[in-house]
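Take a look at the letters that make up each chain.
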Amino acid sequence: MAREVKQIAAHFFLLADPDIGVGHLMRCDALAQTMNEQGVQTELIIQTKNGEEWLSNYAPISSWRSEDWASNPDVCRKSIIRKSEAYTVIAIIDAYNINPDISNLFSQFADLTVYFDDFGDVKVDAGFIINGGPGADMIPYPDKPGISYLLGTEYQVLRKPFRQPARRVHRNCIQRVGIMLGGTDHRGAARELARLLRSELHEDVSIFIVGTEDSSTSGNGIEYTGFLTSRDLRELFLGLDILITAGGQTMAEAVACELPTIAIKTAENQKFNIYGWQRAGVCIFIGDISMQTFQSELRNAIHKLMSINERRKMSDKCKLVALHMGASQLTNELIKACLILPQKSK
């Protein structure tokens, strides 16, 4: 028997800190905004080991609070129960290595459970699994009758400014190069990349290290931008000729901007995304910065993209990747699922 139709509340449970980055936060915030526009009440429950002051630099637009939920079942339980009488409650989880007891709690108390799973490591028996990456089809997800999979770039969540047409203009010569490695830049890879680029590029070429406030090596045509809003980041991307980035949320936003990209792997969970983007022809993958051949691979990629024709070809392939409606697609799927849920006792 279908349940009484109630207003829907979506609680997002996620992690954000300098090590894992803020890509999870950005996509959850983007999805929450879209769901809110469709009448869903949303809240982000964010666990960070760096405290609210650090988190406030990346403060989402959606309603949010900082709580240690991943090891505290009471936080998860109370968040859901306080809404469960008046709302159909969706628990949306964007985190790695979730404690099975916490997952069981979500299944027990939420009406619908949804997991972002970029790597095929979420072990649950019911709910939705989302992977909006281009390499989602490379992951051997288990065939379980209780799980619905939403896979592929049609479910890629972009922040609002990146959903607009790019209208990229290419320069004859490379003038502006960006480096953005996110939270996984704990080895200082961006600084090393800037040093290598400086030795390969003309002295007039500007290099931007995005999202990093450490200006210890600024100068010599290298600029640190610090944190940028999504609107400012899109404007920067539209002004770059090349971006060097890892395989997370930034890569999808670069594709949306039709920005020729050199991809490096900074974490194991990025590999399927990178392989998928490489297969789509929207990036050149040069491996891990720790590889002995990395500098020569970087040099070869830079020299290839010095050709305006190569950059144009890569941008044209970006246009073929369906990205811009992912948040709306997910919202519609989840609302539809809520409307046909069977009655559930809590």
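Everything here concerns the structure above.
A quick note: this is a predicted structure, and the numbers were derived from the prediction, not measured.

A. Looking closely at the nonpolar core. Counting residues in each nonpolar core, the largest one holds 36 residues, and the members touching the most others are Phe12, Leu25, Met35, Ile90, Ile92 and Leu112. For this core, the secondary structure elements donating two or more residues are strand 1 (7–15), helix 1 (23–37), strand 2 (41–47), helix 2 (51–56), strand 4 (87–94), strand 5 (112–116), strand 6 (127–131) and helix 11 (326–339). No other element matches helix 1, which puts seven residues into this core. Those residues in contact with methionine 35 that lie beyond four places of it in its chain are Ala10, Phe12, Val40, Thr42, Ile90, Ile92, Thr331 and Leu334. Leu181, Leu196, Leu197 and Ile222 belong to the second-largest nonpolar core, a separate cluster that totals 29 residues.

B. Structural detail: the pattern of salt bridges. With the rule as written, the count across this model stands at 19 salt bridges. Between glutamate 43 and arginine 65 there is a salt bridge, with its nearest N and O atoms 2.9 Å apart. Of this pair, glutamate 43 sits in strand 2 while arginine 65 sits in strand 3 (residues 64–66), placing them 22 residues apart in sequence. The burial state of glutamate 43 is the same as that of arginine 65; both residues are buried. For glutamate 268, the salt bridge goes to lysine 265, with nearest N and O atoms at 3.3 Å.

C. Inspection of the layout of surface pockets at higher detail. Of the volumes computed, that of the second largest pocket is approximately 280 Å³. Those elements that provide at least two residues to the lining of the second largest pocket are helix 1 and helix 6 (230–239). It is helix 1 that contributes the most residues to the lining of the second largest pocket, four residues altogether. A class-by-class count of the residues in the lining of the second largest pocket yields eight nonpolar, three polar and four charged.

D. Representation of the sheet that holds strand 13 (residues 283–285) within the structure. Here six strands make up an open sheet; going across it, the order is 10-9-8-11-12-13 and the pairing parallel. With one partner strand each, in any of the chains shown, strand 10 (222–226) and strand 13 form the two edges of the open sheet. The mean inter-strand angle of the sheet, taken between neighbouring strand axes irrespective of direction, is 20°. Here strand 9 (residues 206–210) runs beside strand 10; their pairing, made up of four bridges, is parallel. Looking at the pairing, phenylalanine 208 lines up with glutamate 223 of strand 10. Relative to the sheet, helix 5 (residues 189–200) contacts strand 8 (176–180), strand 9, strand 10 and strand 11 (242–245), its axis offset from that of strand 9 by approximately 170°.

E. Here's a closer look at the packing of aromatic side chains. Inspection of every chain in the model, using the stated rule, returns seven aromatic pairs. For the pair tyrosine 141 and tyrosine 149, a centre-to-centre distance of 5.2 Å together with 45° between the ring planes defines the contact as tilted. Tyrosine 141 gets classed as buried once you look at its relative accessible area, which sits at 15%. Exposure remark for tyrosine 149: the relative accessible area of 26% places this residue in the partly exposed category. Connected via pairs of aromatic rings, a cluster forms that spans Phe13, Trp69 and Phe106.

F. Looking closely at helix 5. When the terminal C-alpha atoms of helix 5 are compared, their 17 Å separation across 12 residues agrees well with the 16 Å that a helix rising 1.5 Å per residue should span. Listing the buried residues of helix 5 in full gives Ala189, Ala190, Leu193, Ala194, Leu196, Leu197, Arg198 and Glu200. Packing partners of the buried residues in helix 5 comprise strand 8, strand 9, strand 10, strand 11 and helix 9 (294–305).

G. Local environment of the packing of helix 3 (residues 73–84) against helix 4 (residues 100–109). Packing of helix 3 against helix 4 leaves a shortest axis separation of 10 Å and a crossing angle of 15°. Relative to helix 4, the element helix 3 lies roughly parallel. Considering how the two elements wind past one another, helix 3 and helix 4 form a crossing that is right-handed. Contacts between helix 3 and helix 4 involve Pro73, Cys76, Arg77, Ile80 and Ile81 from the former and Ile102, Leu105, Phe106 and Phe109 from the latter. Taken together, the residues of the contact of helix 3 with helix 4 break down into eight nonpolar, no polar and one charged.

H. Broad picture of helix 4. Within the span of helix 4, buried status applies to Ile102, Ser103, Leu105, Phe106 and Phe109. Projected onto a plane normal to the axis of helix 4, the buried residues spread over an arc of 155° and lie on a single side. Residues of helix 4 that are exposed and point more than 90 degrees away from the buried face comprise Pro100 and Asp101. Elements that come into contact with the buried residues of helix 4 comprise strand 1, helix 3, strand 4 and strand 5. Where helix 4 starts, the residue carrying a side-chain oxygen 2.7 Å from the main-chain nitrogen of aspartate 101 turns out to be asparagine 99.

I. Focus on empty space enclosed by the protein. For the coordinates displayed, the defined rule picks out two cavities of 30 Å³ or more. Estimated volume of the second largest cavity: approximately 30 Å³. Lining of the second largest cavity is provided by Arg168, Val169, His170, Arg171, Leu240, Asp241, Pro260 and Arg311.

Cut-offs used in this document
- Each residue is numbered by its place in its chain's sequence as written, counting from 1.
- Local features are withheld for residues below a pLDDT of 70 in this predicted model, meaning they are given only at 70 or higher, and side-chain atom pairs are given and counted only at 80 or more; totals for whole chains, interfaces and linings count all residues.
- As a convention, hydrogens and water are excluded, and side-chain values are obtained from all of the structure's heavy atoms.
- Take the buried residues of types Ala, Val, Leu, Ile, Met, Phe, Trp, Tyr and Cys, join any two whose side-chain atoms come within 4.5 Å, and each joined set is a nonpolar core.
- Note on classification: 1.4 Å probe, protein chains only; a residue is buried when its accessible area is under 20% of the maximum for its type, exposed when over 50%, partly exposed between these limits.
- Only DSSP runs of H or I covering at least 4 residues are called helices, and only runs of E covering at least 2 are called strands; the numbering of each starts at the N terminus.
- Any two residues having at least one pair of non-hydrogen atoms within 4.5 Å are treated as being in contact.
- Salt bridge, as used here, is a side-chain nitrogen of Lys or Arg placed within 4 Å of a carboxyl oxygen of Asp or Glu.
- Lining residues are defined by having an atom within 4 Å of a point belonging to a cavity or pocket. Those points lie on a 1 Å grid over the protein atoms alone, cavities being sets where a 1.4 Å probe fits but cannot get out and pockets being open sets with protein on both sides within 12 Å along at least five of seven lines.
- Grid points are joined across faces, edges and corners, and a volume is the space filled by probe spheres set on the points.
- Ten residue types, Ala, Val, Leu, Ile, Met, Phe, Trp, Tyr, Cys and Pro, are classed as nonpolar, four, Asp, Glu, Lys and Arg, as charged, and the remainder, Gly among them, as polar.
- For two strands to be treated as a pair, DSSP must find at least two bridges joining them.
- To get an axis, fit a line to the C-alpha atoms, keeping to the stretch in contact for a helix; angles then go from 0 to 180 degrees between the N-to-C directions.
- Two aromatic rings, drawn from Phe, Tyr or Trp (for Trp, its six-membered ring), form a pair once their centres lie within 6.5 Å of each other, and the interplanar angle then sorts them: stacked below 30 degrees, edge-to-face above 60, tilted otherwise.
- Helix span, as expected, comes to 1.5 Å for every residue beyond the first.
- By definition in this entry, angles of less than 35 degrees are roughly parallel, angles greater than 145 are roughly antiparallel, angles of 65 to 115 are roughly perpendicular, and the rest are oblique.
- Two helices that cross are described as forming a left-handed crossing if the nearer one is turned anticlockwise from the farther one by less than a right angle, and a right-handed crossing if clockwise.
- By definition, the arc is the one covered by directions from the helix axis to the C-beta atoms.
- Polar contact criterion, stated in full: a pair of N or O atoms within 3.5 Å, where within protein one must be able to donate a hydrogen and the other to accept it, and residues adjacent in sequence count only if both atoms are side-chain atoms.

On their own, these measurements won't tell you what the molecule is for.
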